[in-house]
Protein chains: 2
Amino acid sequence: MAESIRIAPAQAADLPLILSLIRELAEFERLLDQVTASEEQLKESLFGERSFAEVIIARIGDEAAGFALFFHNYSTFIAKPGIYLEDLYVRPAFRGHGCGKALLCHLARLAVERRCGRLEWSVLDWNQRAIDFYESLGARPLDEWTMYRVTGKALLELAQSEMG
Amino acid sequence: MAESIRIAPAQAADLPLILSLIRELAEFERLLDQVTASEEQLKESLFGERSFAEVIIARIGDEAAGFALFFHNYSTFIAKPGIYLEDLYVRPAFRGHGCGKALLCHLARLAVERRCGRLEWSVLDWNQRAIDFYESLGARPLDEWTMYRVTGKALLELAQSEMG
């Protein structure tokens with residue numbers, strides 16, 4: 001099976017497919033209520049005046065098996081970009097064929113080609129199956145760090161607050 | 001003091017200053033041995049053909065008091081970019097004047113102006129003083145997530161591995 005996986009950058013024509021895959025991923029994570037993405041918003045943010053992320057799609061035959069969405073992050077200490085994998089999803093019917101690894105290998109090749117220092121992503125702490133898989137690929141946890149987020153009303157308030 | 005803090009985007013002429021600030025930050029974190037950044041690499045990655053990150057500098061009078069380096073990340077579920085703050089540093093002599101908050105407020109304003117859904121950053125788990133400060137600004141931890149990284153030899157091996 002493995003040799004029949006093809007990975008290619010998404011095109012604007014793939015927008016309906018990308019939205020479907022995002023919604024399937026969210027449903028799988030039981031977070032569908034958090035999805036507000038529309039085709040129009042995806043078009044603007046991925047294929048508009050400025051592209052904020054890139055998408056690659058894995059196909060087996062003519063069928064879309066999964067996707068990865070990524071963007072460039074940056075390491076100050078080495079003054080080089082990295083690749084940050086925001087989402088990786090393989091449709092249930094296509095699991096076990098190596099699509100996940102193929103998508104990660106593709107990103108690792110892109111990272112090397114683009115002279116990036118790192119490939120990074122985040123995983124839910126309870127997802128031991130994913131953690132074991134990632135560690136088998138040589139990934140190591142940055143477990144001293146916690147991400148913080150300001151969003152919604154708190155973001156507006158911080159934006160409007162006086163300095164000092 | 002607070003009204004005298006001026007924040008402006010860094011220019012190419014600030015490259016020697018940016019490198020000094022990065023090295024001071026690394027020294028403060030006792031990670032100076034990890035810094036391989038040079039002015040030339042910073043120039044290429046920040047002001048080159050493609051800019052992978054942006055820098056803002058806080059000045060009090062004519063003196064550089066601190067800086068922030070950030071880039072755009074992306075949320076799939078809302079199909080919008082966010083701002084990710086990679087580094088925030090205020091020189092010891094200028095602490096206590098609100099520079100850190102002023103830099104964060106500036107980024108929150110940029111996030112709102114650029115129609116971003118979020119402002120995010122990471123903090124070392126033992127840095128309770130920073131955590132208290134961030135929580136006072138309305139930031140919330142994403143503490144179910146751990147970041148994984150592939151770098152160096154493991155990244156090259158993953159890039160070269162066969163699919164499947």
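The sections below set out a description of the structure shown in this document.

About the cut-offs
- Residues numbered from 1 in each chain as written.
- Chains lettered and ligands numbered in written order.
- Predicted model: local features only at pLDDT ≥ 70, side-chain atom pairs only at ≥ 80, totals over all residues.
- Heavy atoms only, no water.
- Contact = heavy atoms within 4.5 Å.
- Buried area = accessible area lost by both parts, 1.4 Å probe.
- Salt bridge = Lys/Arg side-chain N within 4 Å of Asp/Glu carboxyl O.
- Polar contact = N/O pair within 3.5 Å; in protein donor to acceptor, adjacent residues only side chain to side chain.
- Core = buried A, V, L, I, M, F, W, Y, C linked by side-chain atoms within 4.5 Å.
- Buried < 20%, exposed > 50% of the residue type's maximum accessible area, 1.4 Å probe, protein only.
- Helix = DSSP H or I, 4+ residues; strand = E, 2+ residues; numbered from the N terminus.
- Expected span 1.5 Å × (residues − 1).
- Pairing = 2+ DSSP bridges.
- Axes fitted to C-alpha atoms, helices over the stretch in contact; angles between N-to-C directions.

1. Details of the interface of chain A and chain B
- The interface of chain A with chain B comprises 84 residues on the first partner and 84 residues on the second.
- Both sides together, the interface formed by chain A and chain B hides about 7600 Å², and carbon and sulfur atoms give 62% of it.
- One can count four salt bridges joining chain A with chain B.
- For A:Glu120, the salt bridge is made with B:Arg149, and the minimal N-O distance between the two is 2.5 Å.
- Between chain A and chain B we count 32 residue pairs in polar contact (both at pLDDT 80 or more) in total.

2. What to know about the nonpolar core
- Counting 56 residues, the largest nonpolar core has A:Leu42, A:Phe67, A:Tyr74, B:Leu42, B:Phe67 and B:Tyr74 as its most contacted members.
- Those residues in contact with B:Phe67 that sit more than four places away from it in its chain are B:Leu21, B:Ile22, B:Leu25, B:Val55, B:Ile56, B:Ile57, B:Asp87, B:Leu88, B:Tyr89 and B:Leu103.
- The next biggest cluster of nonpolar side chains, apart from the first, holds 36 residues, and it includes A:Ala154, B:Ile5, B:Ala130 and B:Ile131.

3. Here we look at helix α1 (residues 15-28) of chain A
All names here are of chain A.
- A rise of 1.5 Å per residue sets the reference length of α1, with its 14 residues, at 20 Å; its end C-alpha atoms lie 20 Å apart and thus fit the reference within 8%.
- Elements in contact with the buried residues of α1: α2 (39-47), β2 (54-60), β3 (63-75) and β4 (80-90).
- One or two steps after α1, the chain reaches Arg30, where phi turns positive at roughly 55°.

4. Overview of the environment of A:Gly100
Residues and elements named next belong to chain A.
- Structurally, Gly100 can be placed in helix α3 (residues 99-113).
- Residue classification places Gly100 among the buried residues on the basis of a relative accessible area of 16%.
- When the C-alpha atoms of Gly100 and Ala65 are compared, they prove to be 9.7 Å apart, with 35 residues separating the residues in sequence.
- Each residue touching Gly100, except ones within four places of it in the same chain, is listed here: Leu88, Val90 and Phe133.

5. Describing the sheet that holds strand β1 (residues 5-9) of chain A
- With mixed pairing, the seven strands of this open sheet are ordered in space as β1(A)-β2(A)-β3(A)-β4(A)-β5(A)-β7(B)-β6(A). The open sheet is flanked by β1 and β6 (140-141) of chain A, the only strands paired with a single partner.
- Alignment of β1(A) against β2(A), held across five bridges, turns out to be antiparallel. Across the sheet, A:Arg6 pairs through a bridge with A:Arg59, a residue of β2(A).
- Against the sheet, α1(A) engages β2, β3 and β4 of chain A, with an angle of about 75° to β4(A).

6. What about the pattern of salt bridges?
- Under the criterion given, the structure shown has 14 salt bridges over all chains.
- B:Arg118 is the partner of B:Glu120 in a salt bridge, and the nearest nitrogen-oxygen pair spans 4.0 Å. Considered together, B:Glu120 and B:Arg118 belong to a single accessibility category, that of buried residues.
- With its nearest N and O atoms 3.2 Å apart, the salt bridge here joins B:Lys153 to B:Glu157. Note that B:Lys153 and B:Glu157 are positioned in helix α5 (residues 152-160) at a spacing of four residues, about one turn of the helix.
- By relative accessible area, B:Lys153 is classed as exposed at 64%.
- On the basis of relative accessibility, which here comes to 45%, the residue B:Glu157 falls in the partly exposed class.
- Through salt bridges that share partners, A:Arg118, A:Glu120 and B:Arg149 make up one connected network.

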